Amino acid sequence: MLKLLMLLCVTGAFAQEVHKNQQFYVGGCYGFGNEFANSNYTLSNSYVQIQFYYSFNPSKKWEYLVAFQPELNFAKHQLLNPYFVTPDEPDYEQKRREFTQLKDLNQYAFNVAFFAKYNFSKSISAYAMLNVGPTISTKETERLTRGFAFNDVFGLGVAYNTGNIIFDVRPNVRHVSNAGLNEANAGFNTLNISFGFIVPIK
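Computed from a predicted model, the values in this text were never measured in an experiment.

A closer look at the overall build of the protein
Point 1. Helix and strand counts for the protein come out as two helices and eight strands.
Point 2. When each of the 202 residues of the protein is scored for burial, the buried share is 38%.
Point 3. Counting only contacts in the protein whose residues sit at least 6 apart along the sequence, the fraction spanning at least 24 positions is 62%.
Point 4. Only carbon and sulfur atoms are counted for the fraction: they give 66% of the accessible area of the protein, which is about 11400 Å².

Structure, rendered in structure tokens:
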């Protein structure tokens, strides 16, 4: 009986140590947001992400992580100010008519994110996140051409760890543009919030 109790104690300690030093995680989230208030356009978006995390120093007070976060973003966009499209653009009148119609715009992003996380306790943590990644846009707008662009995100978040699952809330600011690779490069700026879960890969 004593040997059995010792074995259970050792097994439990080993399991806690594995969990404590967990380095790989997988998760998912749903987010949504809107453009910063302006008179030129409207944009509302929602998105889903699959997330794969790696921790460089698990269980430290200051913890650093990297994550790969493929994303599908669904947006509705409308040009409010037709004079944003200037007469020096080819077919500017047709573009004004087209862009002032409400349209659906999908984007496929392949994000790489870096986290600086502070663990207040085993349960509560907060972090800052910086994300960059290539994005494919399905439609042309007055602010962004169809095709390749970049997805830049800065976020602040809080997480609650139950021991088996981590619940995550992440307000963030998102900027999408093509870095001047094409003429239409004003891009979009949105304020978002996401809700997600993260679990360790054992």
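A word on the pairing of strand 1 (residues 24-35)
Point 1. For strand 1 and strand 2 (residues 41-55), the ladder comprises 11 bridges, and the chain directions are antiparallel. Within strand 2, the residue paired with Phe32 across the bridge is Ser46.
Point 2. Hairpin geometry of strand 1 and strand 2 is characterised by an intervening segment of five residues between the two adjacent antiparallel strands.
Point 3. Sheet topology places strand 1 next to strand 8 (residues 188-200); 11 bridges connect them, and they run antiparallel. Looking across to strand 8, one finds that Tyr30 is bridged to Phe195.

Considerations on the pairing of strand 6 (residues 147-161)
Point 1. The pairing of strand 5 (residues 124-137) with strand 6 spans 14 bridges and is classified as antiparallel. The residue of strand 6 that forms the bridge with Ile124 is Tyr160.
Point 2. With 10 bridges joining them, strand 6 and strand 7 (residues 166-177) adopt antiparallel strand pairing. Bridge assignment links Val158 to a residue of strand 7, and that residue is Val169.
Point 3. The loop that links strand 6 with its antiparallel partner strand 7 comprises four residues; one of these, Gly163, has a positive phi angle of about 110°.

Some remarks on a nonpolar patch on the surface
Point 1. On the surface, a cluster of nonpolar side chains totalling about 810 Å² of accessible area is made up of Ile50, Phe52, Phe68, Tyr108, Phe110, Val112, Phe114, Ile136 and Phe148.
Point 2. Mapped onto the nonpolar patch, the elements with two or more residues apiece are strand 2 and strand 4 (103-119).
Point 3. Considering each element in turn, the nonpolar patch owes the most residues, four residues, to strand 4.
Point 4. Mapped onto the elements, Tyr108 comes out in strand 4.
Point 5. Tyr108 gets classed as partly exposed once you look at its relative accessible area, which sits at 36%.

Each value, and the rule that gives it
Residues numbered from 1 in each chain as written. Predicted model: local features only at pLDDT ≥ 70, side-chain atom pairs only at ≥ 80, totals over all residues. Heavy atoms only, no water. Helix = DSSP H or I, 4+ residues; strand = E, 2+ residues; numbered from the N terminus. Buried < 20%, exposed > 50% of the residue type's maximum accessible area, 1.4 Å probe, protein only. Contact = heavy atoms within 4.5 Å. Areas by Shrake-Rupley, 256 points an atom, 1.4 Å probe, with all protein chains shown as cover. Pairing = 2+ DSSP bridges. Patch = residues over 30% accessible without salt bridge, like charges linked within 9 Å, V, L, I, M, F, W, Y side chains within 5 Å. Salt bridge = Lys/Arg side-chain N within 4 Å of Asp/Glu carboxyl O.

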